[in-house]
Amino acid sequence: MKGWATIFILLLLTGCATSTTVSLHTDPPGGQVRISETGEVVAHGGSVDLEPGWYRFSSEAEGYRGDTLRREIPRSSDHRITVPLGMGFAAVEIRALPEEATIEIGDEGPAQGRIRTELSAGRHTLEVSLEGYRTHRELLHIEPGREVSRSIELEAVPVAEEPSHGRATVTPEPESARVFFQGRDLGVGSQELEPLTPGTYSVAGVRLINNRQRLTGAVDFTIEAGDERVVALRVNRRERRFEGEWLSEVEALRREQRRYRQQRSERPFAVQMEDAEAAVELLRERDDLGEALMAMLRVGDRVTLKTADETWQIWKRHREQTADFAAAVAALQRGGTYASPWADDSVEIVQVEDSGADPLATLVLALHRARAPNPLLDLHADQFAESAKAAQDRLRVARNRADGQLTVLVHGGEAPALSEGTLRTFGDLHFATLAPGRGAIELNWEQRPERVLVISDRPGLLRPIGEVEPLLLEQRRWLSFLNPRAAATVTTLQRFAYGPEVEGGWSHRVLRKGENPLDFQLDLTGDAIGPHKKPGLYQRAWILEYKEEGEVTPTQRQVQIQYRVHSDAEDGVLDDFLRRIE
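## Thoughts on unusual backbone geometry
Following Asp27, the chain continues into Pro28 via a peptide bond in cis, with omega recorded as 5°. Structurally, the position occupied by Pro28 is in the loop between strand E1 (20-27) and strand E2 (32-35). In this structure, Glu243 is a non-glycine residue whose phi angle is positive, near 50°. The residue Glu243 is located in the loop between strand E22 (237-242) and strand E23 (245-248) in this model. Here Glu243 falls in the exposed class, since its relative accessible area comes to 59%.

## Here we look at the nonpolar core
Counting 39 residues, the largest nonpolar core has Met296 and Leu305 as its most contacted members. When residues in this core are grouped by element, the largest group, seven residues, is from helix H6 (residues 359-371). If near-sequence neighbours (up to four positions away) are discounted, Met296 is found in contact with Leu360, Val364, His368, Leu409, Phe426, Leu429 and Phe431.

## Focus on the packing of helix H4 (residues 289-296) against helix H5 (residues 323-334)
The description of two helices packed together rests on the angle between their axes and the distance between the axes. With their axes 10 Å apart at the nearest point, H4 and H5 run at an angle of 130° to one another. Between H4 and H5, the interaxial angle falls into the category oblique. The two elements H4 and H5 cross, and the hand of that crossing is right-handed. Where H4 approaches H5, its residues Leu289, Gly290, Leu293 and Met294 are matched on the opposing element by Phe325, Val329, Leu332 and Gln333. The residue inventory of the contact of H4 with H5, partitioned by class, reads six nonpolar, two polar and no charged.

## Concerning the sheet that holds strand E38 (residues 488-498)
Spatially, the five strands line up as an open sheet ordered E36-E42-E41-E38-E39, and their pairing is mixed. Because the sheet does not close on itself, it has two edges, and the strands there are strand E36 (471-472) and strand E39 (507-512). Where strand E41 (residues 536-548) meets strand E42 (residues 555-566), 11 bridges bridge the pair, whose relative direction is antiparallel. Among the inter-strand pairings, Tyr538 is bridged to a residue of E42, identified as Tyr563.

About the thresholds
Residues numbered from 1 in each chain as written. Predicted model: local features only at pLDDT ≥ 70, side-chain atom pairs only at ≥ 80, totals over all residues. Heavy atoms only, no water. Helix = DSSP H or I, 4+ residues; strand = E, 2+ residues; numbered from the N terminus. Buried < 20%, exposed > 50% of the residue type's maximum accessible area, 1.4 Å probe, protein only. Core = buried A, V, L, I, M, F, W, Y, C linked by side-chain atoms within 4.5 Å. Contact = heavy atoms within 4.5 Å. Axes fitted to C-alpha atoms, helices over the stretch in contact; angles between N-to-C directions. Parallel < 35°, antiparallel > 145°, perpendicular 65-115°, else oblique. Left-handed = near helix turned anticlockwise from the far one by under 90°. Nonpolar A, V, L, I, M, F, W, Y, C, P; charged D, E, K, R; others polar. Pairing = 2+ DSSP bridges.

As structure tokens, then:
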């Protein structure tokens, strides 16, 4: 009882904690925050305990106008609030000699001899002028709270002096842009151009955002003898690199979209993984992630990974790796962000769950498996171990030229040898695309793989089975695999079975015409399931090898189902019992 009393007291104590610890910050740092309802003033980074409710938080700092936010404080262990300091400013006082001189600062003025005002933080052009004197121009850099006080004495122009040149100060916006004048790179930021003979000049600016985007700008200006000009260079025209050439962003995206439409696969897929925190961490450890996805995705395919806070999408839009594809991969691996400039197009979505050790294999296998409702072959280690008892290290896959290009994926173990083509290896995942051909392909291995998937974009002649309704123990059901309108002859049927009645894993049986005198009775276009002696969940897979009309070489397709068997008995003859094949 003493232990339970202690727990009860602790629960009471924790339940009494009604205040929330609030961490207060200013943007930029260095200010303080005043709480209207309590009168408390907290320096940047400090904290205060507040009861849940609505409060006004006002920022204060020398040289800033300040700002006020109204926020609700929830009942929680801690909370963070950042209050902007608002517009920065500083007091500015300029005196001119002679006192008759005119002073102008940006939009302030004109004033004669002296001006005192407040200016917002940033750059402002100061000009002091008087007839008979050289005009003084400069850029004032105003920092919040730092008062500026200047005295400007103008230089008299001798009556006999006739200036023959001028000068210009080029100020790029943004200041981080590089300035180019007459083909020369003058450097980053403001640049002085002198002496300039009277005439018209052009100056350009470039600010590189990354290796695929930049900002550009250009401006023409005229100089007369004796001029001292400040030339504002706006660098705000967005450009993108397309196939090595810098183009306007609109034109580059238009050309890229046209190229994408020309290369895009007929049925692209988007494979998505939610709650992918663990998968993202594993993918970040791979040095070959970009190379692997480029090799195994088709143009139009994409991979999306979502965590609680971030979403990353890697979208293959070109046969060759582009800067945008590399940037999307880098964003995932470095925990950064990448914003795609293209809107999503029509695509079939495949949702997958994180299966643990090899998220790359999970994503790629799911994407390619979705392409083919009936693959040529999709077997796991415990299945093809049974199917290859006669040859433990070999699998044979029938195909004909009508199947077109094949995709081969092998997961686990070392890369097996293919009878044609070569598998590329990415960790435990091996991948190949095989050109159209006639005749079976073989895979030979020394170390048994976990899974082998062989697909074609051609659907084949099997009919969709769909979902199989539950059976009773004594019930039998005939499943027809071959499309009834298909002009084809099934020569071999392989059956894989797994369930409560099967001991030692998967069972495997091959039914092949021509092996015994009674095989003319075999109907290899389908198979029966049931009756069963034990209830539970059953799985079946069949591989049909068949010859199409006009084709000398056979091909094959696989179909698989799972269904549940109930223990309730059923009397009488079942309507759906048609025939048996054994």
